[in-house]
Amino acid sequence: MLEPLRQGLPPLNLAAASDAASCALPARYEAVREARQFTRKTLDQWDLNDRFDDVCLVVSELVTNALRHALPAGAKRLTPQEPPVRLHLLRWSERLVCAVRDPSDASPVARDSDDFSAESGRGLFLVDSFSDGWGWHPMAGALSGKVVWALFLLHRPVEGAGPGA
């Protein structure tokens, strides 16, 4: 099935990102809804509504995994200023990256399950299916934990291919 990926993002010039947004998420399951709302608002601002369904599904899975597997029971903030989970959305002209940072150093692991009626265990399979690529990498420097990311390729509209063209 899926092998865990320990890699960085594909080569991207972070300084060339045309748009970036992030939000802190509390250590409670309502944070998944907050992440979806933040994603909706951000994609609306970036005029990427056509990608909302796929991006929202992937964001929901990444945030759920962070809350379920990366936080110890009763986790509190790392510091008073730092929330345990953070969602980042970055857009280039032809790419969108959704990245979720959490405090765990453990790699994400896709479960091998043939039971497609199961209520859980398919999160990374869905991330793999609905995005154009995904991976993870450990945080560097003073920050501990990891970032799990998903990449979406954005299709530029063809000039002159509007309605009536």
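Going by the structure above, here's the rest.
Residues numbered from 1 in each chain as written. Predicted model: local features only at pLDDT ≥ 70, side-chain atom pairs only at ≥ 80, totals over all residues. Heavy atoms only, no water.

S.K.: What am I meant to see in unusual backbone geometry here?
M.R.: Where the residue is not glycine, phi is negative for most of them; where a peptide bond is considered, it is trans in most cases. Even without being glycine, aspartate 47 reaches a positive phi, approximately 55 degrees. You can see aspartate 47 is positioned in the loop between α1 (30-45) and α2 (52-69). For aspartate 47, a relative accessible area of 61% gives the class exposed. (Helix = DSSP H or I, 4+ residues; strand = E, 2+ residues; numbered from the N terminus. Buried < 20%, exposed > 50% of the residue type's maximum accessible area, 1.4 Å probe, protein only.)

S.K.: What's the story with the packing of α2 against helix α3 (residues 123-130) in this structure? I'm lost.
M.R.: In helix packing, the relevant descriptors are the interaxial angle and the interaxial distance, both defined with respect to the helix axes. One way to put it is that α2 packs onto α3 with a least axis distance of 9 Å and a crossing angle of 150 degrees. Judged on the interaxial angle alone, α3 and α2 are roughly antiparallel. Like other packed secondary-structure pairs, α2 and α3 cross with a definite hand, here left-handed. Side by side, α2 and α3 meet where Asp54, Leu57, Val58, Glu61, Leu62 and Asn65 of the first sit next to Gly123, Leu124, Leu126, Val127 and Phe130 of the second. Across the contact of α2 with α3, the residue classes break down as seven nonpolar, two polar and two charged. (Axes fitted to C-alpha atoms, helices over the stretch in contact; angles between N-to-C directions. Parallel < 35°, antiparallel > 145°, perpendicular 65-115°, else oblique. Left-handed = near helix turned anticlockwise from the far one by under 90°. Contact = heavy atoms within 4.5 Å. Nonpolar A, V, L, I, M, F, W, Y, C, P; charged D, E, K, R; others polar.)

S.K.: Whenever I open this one, the pattern of salt bridges confuses me. Can you help?
M.R.: Side chains bearing opposite charge may pair, as long as their charged atoms lie close to each other. One pass over the full model with this rule turns up four salt bridges. Notably, a salt bridge pairs arginine 91 with aspartate 19, separated by 2.2 Å at the nearest N-O pair. Here the residue arginine 91 occupies a position in strand β2 (residues 85-91), and aspartate 19 occupies one in strand β1 (residues 19-25), the gap between them amounting to 72 residues. The closest approach of N and O atoms between arginine 28 and glutamate 30, which form a salt bridge, is 3.6 Å. (Salt bridge = Lys/Arg side-chain N within 4 Å of Asp/Glu carboxyl O.)

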